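Structural features, examined
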Amino acid sequence: MSIDTLTPYRSATRAGARDGFVHLLRAEWTKFRTVRGWLAGMAAAVLVVVLLGVMYAVGSQSSCDVGPVETACPAPPVGPDGAEVADRFTFLHQPLAGDGSVTARLTSMTGIITYPPPDNDEIVPGLVQWAKAGVIVKESTRQGSAYAAVLLSGEHGVRMQYDFTHDTAGRPGGVSAASPRWLRLTRSGDTLTGYESADGRRWTKVGTADLAGLPATVQVGLFVNSPGDLTVRSNPLGGSISQARFTQATAVFDHVSVRGGASDDASGGSWSQAQVGDNDPLEMTDWERFHNPNGVERSGDTYTLSGTGDMAPVGDGPRVENTLTGIVAGLILVVVVAVLFVTAEYRRGLIRTTLLASPRRGRVLAAKALVIGAATFVCGLVAAGVTVSLATHLLRSTGNHVLPVSSLTQWRVIVGAAALLAVVAVLALGLGALFRRAVAAVAVAIVLVVVPYLLSTASVLPDGVTGWLMRLTPAAGFAITQSIPAYAHVVGHYAPSDGYFPLAPWAGLAVLAGYAALALGLAILALRRRDA
């Protein structure tokens, strides 16, 4: 990359006067913008991010088979907060007009797990950890509608959950005929309060939910479901292998009563049965259709419900950040430009002129860092903004349902991607000033940032190793682009290879910023101690 047109800094202040930092910034910006190779490198970084994002979107086609017919996949349900959700369960319900409560005693909760081909007939007893059974108030039987539930889980005791993403813990433990669990949910306007009891007389509050806009008449009753069982094991060739299995839960209730509203039913009559989510044949397995269907059985005042599925946010599918697949390639180009921005002056001997004009050496590197950081941030903002908007549109046009996120989250991904590039540029600049050799500085920057990210997301290392890599190395900064959070009450493979990072978005960026500050600080210290 030619630097023949590099302009040395000449102070605009009179001799002996204090050099202004603004003038120093202007001088560094002049150097940057007068070297066409550096501008071309930044333009190339923008272009590669956009082009690779568009190529990813164009190459992603989605369709579903219904029998012999291939058709567009149905739109998934969306929860009250706009997130894509799973909403599937067996529901024994009746309407409740106005305020009131639903109470039931849970005396048994069992389950089964089946294995996929070739072990399709193997069935083992067992409850998965987030199987659920309890009482529920739901806006309607429509998938994605608002709800609140007090429930017993397979391994995490009593919980109060509402609107798919919220979870509050109650007492731990399981259930048996000798040790039943009483559950109650009361409605007062838009406020739902959950209670639990060991004997039906002394009640303990579990939690409260405010469901704004809840209609006057809601559906209340009993429910049960059981999400798929997920097993993650090490792959002998590297990484991990995930396997999902069909599960079903069965719960036995008695002492069921609904109080308040237009009726006051303590007998458990006037019930309707619904299989929420089973209207979509794509969600049903052959095992469900032909072996043990979900449903409700009544024997006197005892109700036995069997169900599968889950009520939870969905994390599988194309995400906003998937469109930024070119950010690694763009980052490498940014690293090269940032390193050359400082090492070119050493190679041409122009650093002496700069330091003579501005003897305070730390301010010189600070000015360079501000210039390269700001220039990279602007270019990154353009690249990420264009890519996310264009690629998500292309994905939807080819039948893909991009996991919806809030506008604030989408902007955080875009701005975060730009900040990621900018902070890496400052890190690379610090390394360039520290090593004074372009090849060494570029190689170290790539080893610190790019290599850990690629090893972690390519599923070639154990999950435990990748988790620590993405905590302790500058690659932690990639967490700023994660749009879908991990939920403690949802079983999933929460690893970098599946788009989940161990640190929160801003915490990950803070780790990267710490490395950049360290590199720049060491470079300033070294520059002060040695000859130019």
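Structural notes, computed from the coordinates. (Residues numbered from 1 in each chain as written. Predicted model: local features only at pLDDT ≥ 70, side-chain atom pairs only at ≥ 80, totals over all residues. Heavy atoms only, no water.)

**As for the packing of aromatic side chains**
For the structure shown, the criterion picks out 11 aromatic pairs. Ring centres of Y147 and F164 lie 4.9 Å apart, and the angle between their planes is 75°; on these two criteria the pair is classed as edge-to-face. Here Y147 is found in strand β8 (residues 147-153), whereas its partner F164 is found in the loop between β9 (158-162) and β10 (166-169), with 17 residues between them in sequence. Seen in terms of ring centroids, W182 and W203 are 6.5 Å apart; in terms of plane orientation they differ by 90°. Their pairing is edge-to-face. Placement of W182 in strand β11 (residues 181-188) and of W203 in strand β13 (residues 203-210) is noted, with a sequence separation of 21 residues between them. (Phe/Tyr/Trp six-rings, centres within 6.5 Å; stacked < 30°, edge-to-face > 60°. Helix = DSSP H or I, 4+ residues; strand = E, 2+ residues; numbered from the N terminus.)

**Remarks on helix α9 (residues 463-472)**
Residues lying three or four places apart along an α-helix face the same way, a consequence of the helix completing one turn every 3.6 residues. Burial in α9 covers these residues: T466, G467 and M470. Along α9, the residues classed as buried sweep out an arc of 105° about the axis, all on the same side. Facing away from the buried side of α9 by over 90 degrees, the exposed positions are W468 and L472. Among the structural elements, α8 (438-457) are those in contact with the buried residues of α9. (Buried < 20%, exposed > 50% of the residue type's maximum accessible area, 1.4 Å probe, protein only. Arc of directions from axis to C-beta. Contact = heavy atoms within 4.5 Å.)

**Observations regarding the pattern of salt bridges**
Under the counting rule described, the total for this entry stands at 14 salt bridges. In this structure, the salt-bridge partner of K31 is E345, at a minimum N-O distance of 3.2 Å. With K31 in helix α1 (residues 21-34) and E345 in helix α4 (residues 327-348), this residue pair connects regions lying 314 residues apart in the sequence. With relative accessibility at 2%, the residue E345 sits in the buried group. The salt bridge involving R319 is made with E321; its shortest N-O contact spans 3.6 Å. E321 gets classed as buried once you look at its relative accessible area, which sits at 12%. (Salt bridge = Lys/Arg side-chain N within 4 Å of Asp/Glu carboxyl O.)

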